Each structure stands twice: as C-alpha cells, then as structure tokens.
Amino acid sequence: EAGVTQFPSHSVIEKGQTVTLRCDPISGHDNLYWYRRVMGKEIKFLLHFVKESKQDESGMPNNRFLAERTGGTYSTLKVQPAELEDSGVYFCASSHGKGTYEQYFGPGTRLTVT
Amino acid sequence: AQKITQTQPGMFVQEKEAVTLDCTYDTSDPSYGLFWYKQPSSGEMIFLIYQGSYDQQNATEGRYSLNFQKARKSANLVISASQLGDSAMYFCAMREMAYNTDKLIFGTGTRLQVFP
C-alpha cells in the first residue's frame, strides 16, 4: 500500500509569488489533514477534509491560503501571494475514519520564501 | 485549550541504553488520545505509539513504551536499548476531537541523539 505522498519535496519562491502544494493521501482514506511547521516551532494544524468537504479550517493563517480537495482524492494547498513568514515545512496526513486514530503523514514539502 | 509541552529540546543517550522523553499535556476533555511520532533527518513523520485516555495499561510497541500517568497528565516515551537509528526528532501529540474537528495538537519536539 502506497503511503501519503507530497509534491514537491522542496520549493523556493520569491515573496509575492504563488505556490501550489499537492498531497495524495492513502487510497481509501476519507480524512485528509494539512499541518505546518515553522522553523523551531511546533507542528500546527491548518485544516481537515472529510472527503471533499472542509470539516475544519480553523488553523488556516489567512485568506492567502486556499485548500481544495476536488473529488475527495488528492488535495492542493495554494499560497498566493507568498510572504516570508510562510516559510516552513507543510505536512499532509490522512486517516481512514473516526473509528481509527492514526494519522499517516507524508514526507512534507519544505517551502522557502525569499 | 489543549496543549502539549515537551521541555527537553535535546537529549543524548548512549547506544543500548534506555532513554525517556518527557511529555505533559493539558486538556479538560475526559476522552483523549496521545501519540508519539518520530521524524528522522529524511523528514517523514513516523507513527510510533498511541495511548487512549481510558486504556488501563501503558501502551507498548517493541522497544517503545509509553509511561502514562493520568493524574500527572504526563505521557513520557521510553525507548529501550537505544540504537543509532533512533537519532531523530520526537514529537508528542494529542488528538482533539469535537463534533466539527479532529486534529492533532503537537509539542515542540525533542531531538534525540544516540552515540556509540
């Protein structure tokens, strides 16, 4: 069974540019989560999809961030326009459902905004 | 609000020795779950162990065990017989579940270095 995959692994962009991160969850997992770790700080929740619906987006920093999960499969997280403080590692995780507790994480995308 | 505290930014342990990584938590929910994840230098987050708040026994998974002390609100990770490959960041996390949310709250992590 393939794990959670994320693309790209690393992205370097200039302030003001747009970047789109992609996450492919484990096949059959209805729940998809985005988290972010800014340098030296804790990993913070961004949002949670159940299938294609946003269940909880309380962690999204501001309206420069847009997440989608069309068709309930893969998800994208777009940052537009990017700011310096958006630099960090963006993790995606998926889980089967509320009956199970484990969230399987992807390898993360390291975003550097210069 | 729920919170996870990891007070050890870094820990050193000699190979084959045991090490304890500290984690305390704060929650008012009677039902919760606690996790430990390992993040090696390659970056992926690897699930290690889970403890439910109503579990009667401490969780164990191979060389990993969770020292769960509910009254103290602590969930320390014990790694027995450390190996060089255990060198990594370790994150403690709590599952926050409500009718409209299901997410993990993480601590700041502990960097463990195992030396020969």
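Above this note sits the structure.
Residues numbered from 1 in each chain as written. Chains lettered and ligands numbered in written order. Predicted model: local features only at pLDDT ≥ 70, side-chain atom pairs only at ≥ 80, totals over all residues. Heavy atoms only, no water.

Peer 1: Would you mind going over the side chain of Arg95(B) with me for this structure?
Peer 2: All names here are of chain B. Looking at where Arg95 falls in the secondary structure, it is placed in strand β10 (residues 88-98). According to the relative accessible area criterion, Arg95 is buried, its value standing at 10%. A polar contact is formed between the side chain of Arg95 and the side chain of Asp102, at a distance of 2.8 Å. (Helix = DSSP H or I, 4+ residues; strand = E, 2+ residues; numbered from the N terminus. Buried < 20%, exposed > 50% of the residue type's maximum accessible area, 1.4 Å probe, protein only. Polar contact = N/O pair within 3.5 Å; in protein donor to acceptor, adjacent residues only side chain to side chain.)

Peer 1: Help me understand the interface of chain A and chain B in this model?
Peer 2: It is common to give the size of an interface as the accessible area lost on bringing the parts into contact. Between chain A and chain B, the contact holds 19 residues from the first and 22 residues from the second. For the pair chain A and chain B, the summed buried surface comes to about 1,800 Å²; carbon and sulfur atoms form 55% of the total. On inspection of chain A and its partner chain B, the count reaches zero salt bridges. Inspection of the region where chain A meets chain B yields three residue pairs in polar contact (both at pLDDT 80 or more). When contributions to the side of chain A that touches chain B are tallied by element, the ones reaching two or more residues are β4 (31-37), β5 (43-50) and β6 (53-56) of chain A. Here the residues of the side of chain A that touches chain B sort into eight nonpolar, six polar and five charged. (Contact = heavy atoms within 4.5 Å. Buried area = accessible area lost by both parts, 1.4 Å probe. Salt bridge = Lys/Arg side-chain N within 4 Å of Asp/Glu carboxyl O. Nonpolar A, V, L, I, M, F, W, Y, C, P; charged D, E, K, R; others polar.)

Peer 1: Mind showing me how you'd approach the nonpolar core here?
Peer 2: As a rule of thumb, soluble globular proteins bury nonpolar side chains together. The biggest cluster of nonpolar side chains holds 24 residues, and the ones touching the most others in it are Tyr25(B), Leu34(B), Trp36(B), Ile49(B), Leu77(B) and Tyr90(B). Going through the elements one at a time, β3 (19-21), β5 (33-39), β6 (46-52), β8 (64-69), β9 (74-79), β10 and β12 (110-115) of chain B are the ones with two or more residues in this core. Among the elements that line this core, the one with the most residues is β10(B), at four residues. Among all residues touching Tyr90(B), those that are not within four sequence positions of it are Gln6(B), Leu21(B), Trp36(B), Tyr37(B), Lys38(B), Leu48(B), Leu77(B), Ile79(B), Gly109(B), Thr110(B) and Leu112(B). Within the second largest apolar cluster, 21 residues are counted, among which are Val4(A), Val19(A), Met60(A) and Val113(A). (Core = buried A, V, L, I, M, F, W, Y, C linked by side-chain atoms within 4.5 Å.)

Peer 1: I would appreciate a short explanation of the pattern of salt bridges in the present structure.
Peer 2: Any two side chains of opposite charge can pair, so long as their charged atoms come close to each other. One pass over the full model with this rule turns up eight salt bridges over all chains. One salt bridge in this structure joins Asp86(A) and Arg36(A), with 4.0 Å as the shortest N-O distance. In this pair, Asp86(A) is assigned in the loop between β8 (75-79) and β9 (88-95) and Arg36(A) in strand β4, connecting sequence segments 50 residues apart. Here Asp86(A) and Arg36(A) have matching classes, each one buried. A salt bridge links Arg63(B) to Asp86(B); the nearest nitrogen and oxygen atoms lie 2.8 Å apart. You can see Arg63(B) sitting in the loop between β7 (60-61) and β8 and its partner Asp86(B) sitting in the loop between β9 and β10, a full 23 residues away along the chain. According to the relative accessible area criterion, Arg63(B) is partly exposed, its value standing at 23%. If you follow the salt bridges from partner to partner, you end up with Arg36(A), Arg64(A) and Asp86(A) in one network.

Peer 1: Just to check I follow, could you spell out the layout of surface pockets for this structure?
Peer 2: In this structure, the largest pocket spans a volume of roughly 560 Å³. Lining the largest pocket are 23 residues, and of these Arg37(A), Val89(A), Arg110(A), Gln39(B) and Gly43(B) lie nearest its centre. Those elements giving two or more residues to the lining of the largest pocket turn out to be β9 and β11 (109-113) of chain A together with β10 of chain B. A total of four residues in the lining of the largest pocket trace back to one element, the largest contributor, which is β11(A). Per-class residue counts for the lining of the largest pocket are nine nonpolar, 11 polar and three charged. By volume, the second largest pocket amounts to about 310 Å³. Lining the second largest pocket are 18 residues; nearest its centre among them are Glu42(A), Lys44(A), Gln2(B), Ile105(B) and Phe106(B). Elements supplying a minimum of two residues to the lining of the second largest pocket: β5 of chain A together with β1 (3-5) and β11 (101-106) of chain B. (1 Å grid on protein atoms, 1.4 Å probe; cavity = no way out; pocket = protein on both sides within 12 Å on 5 of 7 lines; lining within 4 Å. Points joined across faces, edges and corners; volume = space filled by probe spheres on them.)

Peer 1: Sorry, what's going on with the state of the cysteines here?
Peer 2: Here is the idea: a disulfide is a covalent bond, and it sits between the sulfur atoms of two cysteines. Scanning all chains against the criterion turns up two disulfides over all chains. Put simply, Cys23(A) and Cys92(A) are joined by a disulfide, and their sulfur atoms are 1.8 Å apart. Judged by the torsion about the S-S bond (-60°), the Cys23(A)/Cys92(A) disulfide is left-handed. Remark: Cys92(A) occurs in strand β9 and Cys23(A) occurs in strand β3 (residues 19-24); sequence separation between them is 69 residues. Taking relative accessible area as the criterion, Cys23(A) reaches 0% and is therefore assigned buried. Across the disulfide, Cys23(B) is cross-linked to Cys92(B) (sulfur-sulfur distance 2.0 Å). Taking the torsion about the S-S bond as the criterion, the Cys23(B) to Cys92(B) disulfide, at about -65°, is left-handed. Residue Cys23(B) is located in the loop between β3 and β4 (24-26), and its partner Cys92(B) is located in strand β10; the two are separated by 69 residues in the primary sequence. (Disulfide = S-S within 2.5 Å.)

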